[in-house]
Amino acid sequence: VSLFMGLIPTSINMVIGTLLGILAAVSSSKVDSLIMRLTDIALSFPFMILAMAIIYNIGAGILSMILALTIFGWATTARVIRATTLSIKNSLYIDAAKSMGVSKWGIIKLHIIPNLASTLLVLYTMDIPRAILAEAGLSFLGFGVQAPMTSLGVMVSKGRSLLFDAPWISIAPGTAILLLSLSFNFFGDALRVYYSGEKEVNNFD
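Since this is a predicted model, take the numbers as computed values, not measurements.

Thresholds applied
- Residues numbered from 1 in each chain as written.
- Predicted model: local features only at pLDDT ≥ 70, side-chain atom pairs only at ≥ 80, totals over all residues.
- Heavy atoms only, no water.
- Helix = DSSP H or I, 4+ residues; strand = E, 2+ residues; numbered from the N terminus.
- Buried < 20%, exposed > 50% of the residue type's maximum accessible area, 1.4 Å probe, protein only.
- Contact = heavy atoms within 4.5 Å.
- Areas by Shrake-Rupley, 256 points an atom, 1.4 Å probe, with all protein chains shown as cover.
- Salt bridge = Lys/Arg side-chain N within 4 Å of Asp/Glu carboxyl O.
- Core = buried A, V, L, I, M, F, W, Y, C linked by side-chain atoms within 4.5 Å.
- Phe/Tyr/Trp six-rings, centres within 6.5 Å; stacked < 30°, edge-to-face > 60°.
- Lys NZ or Arg CZ within 6 Å of the ring centre and 35° of its normal.
- Axes fitted to C-alpha atoms, helices over the stretch in contact; angles between N-to-C directions.
- Parallel < 35°, antiparallel > 145°, perpendicular 65-115°, else oblique.
- Left-handed = near helix turned anticlockwise from the far one by under 90°.
- Nonpolar A, V, L, I, M, F, W, Y, C, P; charged D, E, K, R; others polar.

**Thoughts on the overall build of the protein chain**
On a plain count of helices and strands, the protein chain comes out with nine helices and zero strands. Taken from the N to the C terminus, the helices and strands of the protein chain come in the order α-α-α-α-α-α-α-α-α. Taken over the C-alpha atoms alone, the protein chain extends approximately 70 × 55 × 25 Å along its principal axes. The burial tally for the protein chain puts 38% of its 205 residues in the buried class. Excluding contacts between residues fewer than 6 apart, the proportion of contacts in the protein chain whose partners are at least 24 apart in sequence is 73%. Summed over all atoms, the accessible surface of the protein chain reaches about 11800 Å², with 69% contributed by carbon and sulfur.

And the structure:
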């Protein structure tokens, strides 16, 4: 469940954030301003309080968790994609495509989206750990999935009463959360290094 909650809401956030980011970058200043102000509002809400309020009112469960993680989770992606799209939009090959009569949709499809692929991949792998940790935190507080389903956060929570007698009940799923998050973080960082053309320094040379 923890891995599912890391992948599905993050995928939804990436789609929404990418669409809004591209739309803001290629549209008029009014549309751009409207989307960015909406993004500012989304980023200003304290996530955990908002998520707990949503789940408390509609009930705990997987669908509630997905809604809580996606209602404003797209905002950071939208801001990054807008900035990257504006950078691509000002490139010489975009001007050349416009001079050849390529439509706005054609430019988005043939030039902008392919050049956003590396950024999207890095964002995706870096956002998955955040969703996993958010799910674990909400589940630990009792706002996550309910029995008979379970998750790593629920397992950590269930072991609190036995923390001094059988600490491994909480430590084992907590370690799994740590390793899962670190794995995606390292993978995302490796992708960033690869796509940016950076070279890792070998201290043994």
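**Some details on the pattern of salt bridges**
Under the definition given, this model contains four salt bridges. Asp40 is paired through a salt bridge with Arg79; the nearest N and O atoms lie 2.2 Å apart. A residue pair is termed long-range when its members are at least 10 positions apart, and Asp40 in helix H2 (residues 29-44) and Arg79 in helix H5 (residues 75-89) qualify at 39 residues. Because the salt bridges share partners, they merge into one network encompassing Arg37, Asp40 and Arg79.

**Details of the nonpolar core**
Grouped together as the largest cluster of nonpolar side chains are 13 residues, with contacts concentrated most on Ile22, Ile81, Ile112 and Leu116. Looking at this core, the elements that each hand over two or more residues are helix H1 (2-26), H5, helix H6 (92-99) and helix H7 (104-140). With six residues, the single largest contributor to this core is H7. Those residues in contact with Leu116 that sit more than four places away from it in its chain are Ile22, Ile81, Thr84, Thr85 and Ile88.

**Observations concerning the packing of aromatic side chains**
Summed over the entire model, instances satisfying the criterion amount to one aromatic pair. Judged by centre distance (5.3 Å) and plane angle (20 degrees), the ring pair of Phe45 and Phe72 falls under stacked. In this pair, Phe45 is assigned in the loop between H2 and helix H3 (47-58) and Phe72 in the loop between helix H4 (62-70) and H5, connecting sequence segments 27 residues apart. A relative accessible area of 25% means that Phe72 is categorised as partly exposed. The ring of Phe140 carries Arg160 above its face, with NZ or CZ at 4.8 Å from the centroid.

**Quick word on the packing of H7 against helix H9 (residues 168-196)**
Two elements in contact, H7 and H9, have axes separated by 9 Å at closest approach and are oriented at 165 degrees. For the element pair H7 / H9, the angle class is roughly antiparallel. Viewed along their axes, H7 and H9 form a crossing whose handedness is left-handed. Residues Ser118, Leu121, Val122, Thr125, Met126, Ile128, Pro129, Ile132, Leu133 and Ala136 of H7 form the contact with H9, whose participating residues are Ile177, Leu180, Ser181, Phe184, Asn185, Phe187, Gly188, Asp189, Leu191, Arg192 and Tyr195. Residue classes in the contact of H7 with H9 are distributed as 14 nonpolar, five polar and two charged.

**A look at the side chain of Asp32**
Tracing the chain through its elements places Asp32 in helix H2. When near neighbours in sequence (up to four residues on either side) are disregarded, Asp32 contacts Ala24 and Arg82.

**Focus: the environment of Leu162**
Summarising the element assignment, Leu162 is placed in the loop between helix H8 (152-158) and H9. On the basis of relative accessibility, which here comes to 36%, the residue Leu162 falls in the partly exposed class. Sequence separation of Leu162 and Gly61 is 101 residues, and the distance between their C-alpha atoms is 25 Å. Beyond its immediate chain neighbours, meaning those up to four positions away, Leu162 contacts Pro167 and Ile169.

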